[in-house]
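Geometric and topological summary
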Amino acid sequence: MRNRVWMIAVWVVVTTLDAAGIGSYRGDAKSETPPGRNVPLPADRVVVDGHANLPDSVQPYEMFIPRRYLTKEFLLGKVEQAEDTAFVEISRRYTPYKLRLLKETYRAFIRMYEAARQDGIELKIISAARTYQAQSLHWNAKWKRLEKQEAFTSDLEKTRQILLYCSLPGISRHHWGTEIDLNSLEPSYFDTPTGEKVYAWLQQNAAQYGFYQPYTSRTSPNRATGFCEEKWHWSYRPLSAPFLVKYKELVTSDDIIGFTGDNTVKALDLDEWIDAVNPRLILPFPYGIPRVERPFSAGELLLPAVSPPKRIAP
Ligand SMILES: [Zn+2]
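One structure accompanies this document, and this report is about it. (Residues numbered from 1 in each chain as written. Predicted model: local features only at pLDDT ≥ 70, side-chain atom pairs only at ≥ 80, totals over all residues.)

1. Concerning the overall build of the protein
- When helices and strands are tallied, the protein shows nine helices and eight strands.
- Taking all 314 residues of the protein together, 34% fall into the buried category. (Helix = DSSP H or I, 4+ residues; strand = E, 2+ residues; numbered from the N terminus. Buried ≥ 20, exposed ≤ 12 C-beta atoms within 10 Å, placed from the backbone.)

Dropping the structure here:
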């Protein structure tokens, strides 16, 4: 009951802020504070999350989303992430590569990394924030490789095949700076003793630090469509859950252009990929999106039907 009252209160605040227009917010709603949290709402931030489902370890500032994160350009990875002070370069202590994350995500990851280390688990970030441009290059390279295989005759078949493991530019959650790929992109790694231990630790502990696996097993709730299972991919929920809501509001298929095979986008229902994530990453009504809930048929996703899904050589 208390949660419900709080959710309604937040909804009222958000609606009021929206009505006031971005940038013009000031005054009375400023004193709005989450229950039990004595932190005023900074003027450049907006409460988007009902927070009722967030773990206690999530800090109050993480419930306040900087307004400029909630723009189409930002959510499409079209900001200059290398120059943007919202992003930080990840220390080589945590990754062998030159990668960036939103600073809030990074801070939470470091907390998780330290806890894992104390339990004898080593976490290594192998992919993090990606711009639209970077994802386009990645996508084009996959397309080129697939063309050489000559197994797929139509462009739409190629797109669907690549989409099994690689996101279209513009629908990648990696644009947001909230996503990390850990340890290995090979499903087989997670069948090794080390991989199994790492995954078990993440399943048990990651949520305490705000991280959830978006692409769980295809038999899990809400996962009948979309990307295949990715045990390496973890999402920082305090930001990514509200980002998804805003993304759905702002981005349409018209925005998904500028790469090889973009002519196929209109033939896809992009929501089959965007919405089909772990329900824990979807905010509850009235903030959330309707879930995709229908039986999975292999033939529907794979063209031509192959079983098990073909993995595209990295
Ligand atoms: Zn990923």
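There's plenty left to go through after this.
2. Digging into helix α3 (residues 103-118)
- For α3, spanning 16 residues, the distance from its first C-alpha to its last is 23 Å, which sits close to the expected 22 Å at 1.5 Å a residue.
- Regarding α3, the residues found buried are E104, T105, Y106, A108, F109 and M112.
- On the buried face of α3, the contacting elements are β3 (87-89), β4 (100-102), β6 (179-182), β7 (211-212), β8 (233-236) and α7 (237-250).
- G120 occupies a position one or two residues after α3 and carries a positive phi of about 80°. (Expected span 1.5 Å × (residues − 1). Contact = placed C-beta atoms within 7 Å.)

3. Some thoughts on the pairing of β6
- Relative to β6, strand β5 (residues 125-127) runs antiparallel, the two sharing two bridges. Across the sheet, I125 pairs through a bridge with L182, a residue of β6.
- In terms of strand pairing, β6 meets β8 through three bridges, oriented antiparallel. Counted as the bridge partner of D181 is H233 from β8. (Pairing = 2+ DSSP bridges.)

4. Focus: the packing of helix α4 (residues 132-149) against helix α5 (residues 155-162)
- One way to put it is that α4 packs onto α5 with a least axis distance of 10 Å and a crossing angle of 120°. Comparing their axes, α5 and α4 come out oblique. Crossing angle aside, the handedness with which α4 passes α5 is right-handed. Note on element contacts: α5 touches α4 through K158, Q161 and I162, opposite W139, K142, W143 and L146.
- Here the residues of the contact of α4 with α5 sort into four nonpolar, one polar and two charged. (Axes fitted to C-alpha atoms, helices over the stretch in contact; angles between N-to-C directions. Parallel < 35°, antiparallel > 145°, perpendicular 65-115°, else oblique. Left-handed = near helix turned anticlockwise from the far one by under 90°. Nonpolar A, V, L, I, M, F, W, Y, C, P; charged D, E, K, R; others polar.)

5. Quick word on the nonpolar core
- In terms of nonpolar packing, the biggest core is built from 52 residues, with L101, A128, A206, F211 and W234 touching the most fellow members.
- Counting residues per element, this core draws most heavily on α7, which supplies five residues.
- Contact partners of L101, with chain neighbours within four places excluded, come to F87, V88, I90, Y106, F109, A128, A129 and G177. (Core = buried A, V, L, I, M, F, W, Y, C linked by C-beta atoms within 7 Å.)

6. Some thoughts on the pairing of β8
- The side-chain alternation of β8 yields two buried faces, one formed by H233 and S235 and the other by W234 and Y236.
- Bridging between β7 and β8 involves two bridges; their strand directions are antiparallel. Looking at the pairing, Y212 lines up with S235 of β8.

7. Things to note about the environment of E272
- Looking at the element boundaries, E272 is found in helix α8 (residues 271-274).
- Judged by the 17 C-beta atoms lying within 10 Å of it, E272 is partly exposed.
- Once the C-alpha coordinates of E272 and T225 are considered, the two residues, 47 residues apart in sequence, prove to be 5.7 Å apart.

8. Observations regarding the sheet that holds β6
- Pairing in this open sheet of four strands is antiparallel, and the strands run β5-β6-β8-β7 from one edge to the other. Both outer strands of the open sheet, β5 and β7, are each paired with one neighbouring strand and no more.
- Against the sheet, α7 makes contact with β7 and β8, and its axis sits at roughly 85° relative to β8, the strand it touches most.

The analysis is restricted to geometry; functional conclusions fall outside its scope.
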